[in-house]
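So you can see what is in the structure, the chains are spelled out below.
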Amino acid sequence: MLPIDKEMYPLISQPILFINTEAFHWPGNIVRINRIMAMEGVDRKMITIKGTVHQSAADFTFLFGKFFGTRVQVRGVLDPVVAIDISNEASLAFLVKHLDIPGSDYNTDVLDGEGEHLIKGTNVKLDPRPGKQDEVKTTVDNPAPDEAKL
């Protein structure tokens, strides 16, 4: 899923939590997310759950066993129960933090990408050459050849 159009970026004033799967994003998408993350004065977090695929974020991944699910790429190598628990834990910690819910004590370390199955930010490698991050012309339907492998 691509973030919102760049014309909307200056209008975003809310805190945002991006929970990514390890095997779904591509450089063009991450560049757009990084542009939103770079906005000053608002809490923005991005974590990636290791061993997950796009379907790991929904209950669909539970329909297939490990052997078949990983072969047809609807299930990552991480146990789906663990993946959903991490996603839930991060979501709840973020909501508790920003809604000031009294008496709630959630592990906020997960928001910093601290944990065995977490990456702070992303695992996607971006072109380090100056100006290349502004040349984002790829989409999920039209990836560059090297992005199609992600």
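All values reported here derive from a predicted model rather than from experimental measurement.

A.B. asks: How should the pairing of strand 2 (residues 44–49) be read in this particular structure?
C.D. replies: It is a general feature of regular strands that their side chains alternate between the two faces of the sheet. With 6 of 6 residues buried, strand 2 lies mostly within the body of the structure. Here strand 2 shows a buried face lined by Arg44, Met46 and Thr48 and a second buried face lined by Lys45, Ile47 and Ile49. Alignment of strand 1 (residues 16–21) against strand 2, held across 6 bridges, turns out to be parallel. Residue pairing in the sheet places Leu17 in a bridge with Lys45 of strand 2.

A.B. asks: Even after reading the chapter, I still don't get the nonpolar core, so can you show me in this structure?
C.D. replies: A general trend in soluble globular proteins is that nonpolar side chains are found buried together. Counting 12 residues, the largest nonpolar core is built from Leu17, Ile47, Ile49, Leu78, Ala83, Ile86, Ala90, Ala93, Phe94, Val110, Leu111 and Leu118. If you list the elements that add at least two residues to this core, you get strand 2 and helix 3 (80–99). If one sorts the elements of this core by residue count, helix 3 sits on top with 5 residues. Discounting residues that sit within four places of it in the chain, Leu111 has contacts with Leu17, Lys45, Ile47, Ala90, Ala93, Phe94 and Lys97.

A.B. asks: Explanation requested: the pattern of salt bridges in the structure shown.
C.D. replies: Opposite charge on two side chains allows them to pair when their charged atoms are near. This structure, assessed with the given rule, holds 2 salt bridges. As a salt-bridge pair, Lys97 and Asp43 come within 3.1 Å of each other at their nearest N and O atoms. Here Asp43 lies in the loop between helix 1 (27–37) and strand 2 and Lys97 lies in helix 3, a separation of 54 residues in the sequence. Since its relative accessible area comes to 40%, Lys97 is described here as partly exposed. Where Asp112 meets Lys45, a salt bridge forms, and the shortest distance between an N and an O atom there is 3.1 Å. Highlighted residues: Asp112 in the loop between helix 3 and strand 3 (118–120) and Lys45 in strand 2, separated in sequence by 67 residues.

A.B. asks: So what exactly am I meant to see when it comes to a nonpolar patch on the surface here?
C.D. replies: Among the surface-exposed residues, Leu92, Leu95, Leu99, Ile101 and Tyr106 lie close enough to one another that they form a single nonpolar patch of about 440 Å² accessible area. For Ile101, a relative accessible area of 38% gives the class partly exposed.

A.B. asks: Whenever I open this one, unusual backbone geometry confuses me. Can you help?
C.D. replies: Most peptide bonds are trans, and most residues other than glycine sit at a negative phi. Its identity as a non-glycine residue notwithstanding, Asp100 has a phi of 50°, on the positive side. Its place among the elements puts Asp100 in the loop between helix 3 and strand 3.

A.B. asks: Even after reading the chapter, I still don't get the confidence of the model for the chain, so can you show me in this structure?
C.D. replies: When pLDDT drops low, the exact placement of atoms in the prediction is not to be read closely. With 70% of its residues at a pLDDT of 70 or more, the chain has an overall mean of 76. Contacts for the low-pLDDT stretch residues 136–150, under 50 throughout, to residues beyond four places or in other chains number 22 contacts.

A.B. asks: Explain the environment of Ala93 here, please?
C.D. replies: Of note, Ala93 is situated in helix 3. In this structure Ala93 comes out as buried when scored by relative accessible area, which is 1%. For the pair Ala93 and Asn107, spaced 14 residues apart in sequence, the C-alpha to C-alpha distance is 6.2 Å. Excluding its chain neighbours within four sequence positions, the residues that come into contact with Ala93 are Tyr106, Asn107, Thr108, Val110 and Leu111.

A.B. asks: Mind showing me how you'd approach helix 3 here?
C.D. replies: Spacing of three or four residues puts side chains on the same side of an α-helix, whose turn is 3.6 residues. Spanning 20 residues, helix 3 covers 28 Å between terminal C-alpha atoms, matching the ideal 28 Å at 1.5 Å per step. Looking only at helix 3, the buried set comprises Pro80, Ala83, Ile84, Ile86, Ser87, Ala90, Ala93, Phe94 and Val96. Capping the start of helix 3 is the job of one residue whose side-chain oxygen sits 2.8 Å from the backbone nitrogen of Val81: Asp79.

The rules behind these values
- Residues numbered from 1 in each chain as written.
- Predicted model: local features only at pLDDT ≥ 70, side-chain atom pairs only at ≥ 80, totals over all residues.
- Heavy atoms only, no water.
- Buried < 20%, exposed > 50% of the residue type's maximum accessible area, 1.4 Å probe, protein only.
- Helix = DSSP H or I, 4+ residues; strand = E, 2+ residues; numbered from the N terminus.
- Pairing = 2+ DSSP bridges.
- Core = buried A, V, L, I, M, F, W, Y, C linked by side-chain atoms within 4.5 Å.
- Contact = heavy atoms within 4.5 Å.
- Salt bridge = Lys/Arg side-chain N within 4 Å of Asp/Glu carboxyl O.
- Patch = residues over 30% accessible without salt bridge, like charges linked within 9 Å, V, L, I, M, F, W, Y side chains within 5 Å.
- Areas by Shrake-Rupley, 256 points an atom, 1.4 Å probe, with all protein chains shown as cover.
- pLDDT = per-residue confidence, 0-100.
- Expected span 1.5 Å × (residues − 1).
- Polar contact = N/O pair within 3.5 Å; in protein donor to acceptor, adjacent residues only side chain to side chain.

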